[in-house]
Amino acid sequence: MFNQARHIRDKYIRDEMWPSIFCTGCGIGNVLNYTLRAVDGVGLDIDRCVFCSGIGCSSRLPGYIEADGLHTTHGRAIAFATGVKLAEPDLHVVVFTGDGDMAGIGGNHFIHAARRNVDLTVICVNNYNYGMTGGQVSPTTPERGLTTTSPYGNVEQPFDLCRLAIGAGAPFVARWTVGYPYETIEAIAAALRKPGFAFVELLMPCPTGYGKENRLGDSEAVWRWYKEHTISRRDLLQLSPEDRAASRKIVVGTLWDVDRPEYTRRWAELVQGL
Amino acid sequence: MTAGFDYEKISGILGPREQFTQGDVACAYGALLGGCTFFAGYPITPATEIAEALSRLLPRVGGICTQMEDEIASISAVIGASWTGRRAMTATSGPGFSLMQENIGYACMSETPCVIIDVQRSGPSTGQPTEPAQGDMLQARWGTHGDHEIIALAPASVQECVDLTRKAFNLAEEYRTPVLVMTDGEVGHMREKIVLPAADEVEIRRRSGPSTPPGAFVPFQATRGKIPEMAGFGTGFHTYVTGLTHDERGLPATSSANAHTRLVRRLCEKIADATPALTDVEQDLQEGAEAGLISYGISARSAAGAVKRLRRDGLKISHLRLVTVFPFPEAVVQAFAAPLARIIVPELNLGQICHVVREAVDGAARIERVAKIGGEIITPLEIVRAVREGGEPVRAAS
């Protein structure tokens, strides 16, 4: 395990960027770790990978990877990534984004890329708030959740990002929390292998933002909160129908995996012989 | 990609070298002949015909043409495509141009070559979608936030839609910067004869690639003058591209006053210092003239007509047409102004470039304007009248 960690660090990490900007107890570093292990496991050529992102804590991730990176403007990572992929379909294009970046300001690009089924792997780090700017209400903040701009509680219904992705046409959709390392690595690997728009939502604590505002406790307690409030799809299916209906837990696992023709392949077929 | 620029194939698809066509379509022709292989756009009057023409043409030359969900996505996709090595473009009009401003700044900051055509229409807001205007000229210069320089060209004819769009691609690649082609609804929709360039008239200048191997290569270190070499994605150079203030390695240096100053000054100077090379003007000077016209774009056509009429009537007048509007050819304008008492600037707006002229001339001549909005072009007679009777004064830009 130690050797594998060193292998991942030596092979993929951009040393000059260390230490990271992430707060104690934040899970974004884990997302980086899991993603790189998945990239390694799938055997992608790192020279042919492009890591795109927008603005926010999670969008800093491409900077830590010794690879091509495109750190773009707020909300636009998926649109930039679409340009990269359409222009050079042989590249592996991965997007790191967050709930505010992707579902707030960038919501339109998200649903349209899913609809087009462009071959991208989109990893959305959902921490229920705008962390980089100090913990404001986001499109995924739970109802009644406290943030610096919802000090009396959030009155809005949050997006279920996975249902949104499925509704928009994404052929692969998975959700985990960063407290499940092996499952998350496996989900990201499956997303990387999927020829099409593959979406992975990773629920993740923000101890200095949402966690503190909502008194979820210290880092360890926040991480535990995520485990206690989620149930895997497999475990849910084993519950009695009554218990399943009564469950208020967030379902994690691979939630959708279907085959749909991918955009760049359809384009290549369409224009062949013109 | 552009390595495979094939004049014979492109000219075969474009058809006869002499054609009677529309300015927007001519922009599409110019794009192909400029080596463009990627277009992303969003429908908007009066620029839509560019997207329509390119959606027919680009797939036939191995290019990609896609309609995105909005103008922000369009410019985003163009920037992404450019980093794979393609010559990439979008086209829009005022409302879309407004939406693109943030990412135009990103292209400046990340030194991404790309071309944006703005077929200007009457604003502000939705304004008069089908009517021409030149109301985006200072937005072209200052639309995105922060200090920056921009290259902006202004075609006055359908022929120049071909020529300046071609040129825009070379400038974008050479200077690693967004280049704006500021046309308008009149030039975009009018039809004129064009002559497409012959094979030996087409020059494809490319961005310089890395001259040192991965590891030794410093991606944002200026090598040719103030312009860095560009290592595209997928080539093993592991380039990190960010809109944050970055050092020569491309890595964030947001708290460093030095890094920010060095970067932003270099980005500005790489264009400002090249003003003599970038200057493209037409001068029609008359010995002894006390009045002169400075024009650009469609209004230059009317200005040329006014000059003819005034001279026929025995009045002496000089004319300077800006083909490159930005970087502003300050030295040329100052020399033009030196013998003159008055300069009249006709524009399809309430006064934009006249302010830049006034700043350059700095009191050496009085600046007047022929300012027209509402959707009709300025007539030569309106300019004649302004020369004879005096144009509107230019108030301080406040």
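The structure we're discussing is the one just above.
Residues numbered from 1 in each chain as written. Chains lettered and ligands numbered in written order. Predicted model: local features only at pLDDT ≥ 70, side-chain atom pairs only at ≥ 80, totals over all residues.

(A) Quick peek at the overall build of chain B. For chain B, the count of helices and strands is 14 helices and 19 strands. Taken over the C-alpha trace, chain B has a radius of gyration of 21 Å; the compact-globule value for 398 residues is 21 Å, and the two agree within 12%. With respect to the principal axes defined by its C-alpha atoms, chain B has extents near 65 × 50 × 40 Å. Partitioning the intrachain contacts of chain B with sequence separation of at least 6 by distance along the chain shows that 76% fall at a separation of at least 24. (Helix = DSSP H or I, 4+ residues; strand = E, 2+ residues; numbered from the N terminus. Rg over C-alpha atoms; globule rule 2.2 N^0.38 Å. Contact = placed C-beta atoms within 7 Å.)

(B) Just the pairing of strand β17 (residues 342–347) of chain B, in detail. All names here are of chain B. Of all the six residues making up β17, five are buried; the element is thus mostly covered by neighbouring parts of the structure. Sheet analysis places strand β14 (residues 291–296) next to β17, joined by three bridges and oriented parallel. The partner of Leu293 across the bridge, within β17, is Ile344. Where β17 lies against strand β18 (residues 366–371), six bridges are found, and the strand directions are parallel. Its bridge partner lying in β18, Glu347 is registered against Ala371. A crossover links β17 with its parallel partner β18, the connecting element being helix α13 (residues 353–361), and its sense is right-handed. (Buried ≥ 20, exposed ≤ 12 C-beta atoms within 10 Å, placed from the backbone. Pairing = 2+ DSSP bridges. Right-handed = clockwise from strand over helix to strand, strands pointing away.)

(C) Geometry of the sheet that holds strand β8 (residues 198–203) of chain A. Strand order in this open sheet of nine strands is β9(A)-β10(A)-β7(A)-β8(A)-β4(A)-β3(A)-β1(A)-β2(A)-β12(B), and the pairing throughout is mixed. The strands lining the two open edges of the sheet, one partner per strand, are β9 (230–232) of chain A together with β12 (240–242) of chain B. The average undirected angle you get between the axes of adjacent strands in this sheet is 20°. Relative to strand β7 (residues 172–177) of chain A, helix α7 (residues 181–193) of chain A is tilted by about 160°, and along the sheet it contacts β3 (92–98), β4 (121–126), β7, β8 and β10 (250–257) of chain A. (Axes fitted to C-alpha atoms, helices over the stretch in contact; angles between N-to-C directions.)

(D) Local environment of the packing of helix α11 (residues 298–312) of chain B against helix α14 (residues 380–389) of chain B. Residues and elements named next belong to chain B. It is at 8 Å that the axes of α11 and α14 come closest, and there the two elements cross at 60°. By the angle between their directions, the pair α11 and α14 is classed as oblique. Read as a crossing pair, α11 and α14 show a hand that is right-handed. Side by side, α11 and α14 meet where Ser302, Ala303, Gly305, Ala306, Arg309 and Leu310 of the first sit next to Pro380, Ile383, Val384 and Val387 of the second. (Parallel < 35°, antiparallel > 145°, perpendicular 65-115°, else oblique. Left-handed = near helix turned anticlockwise from the far one by under 90°.)

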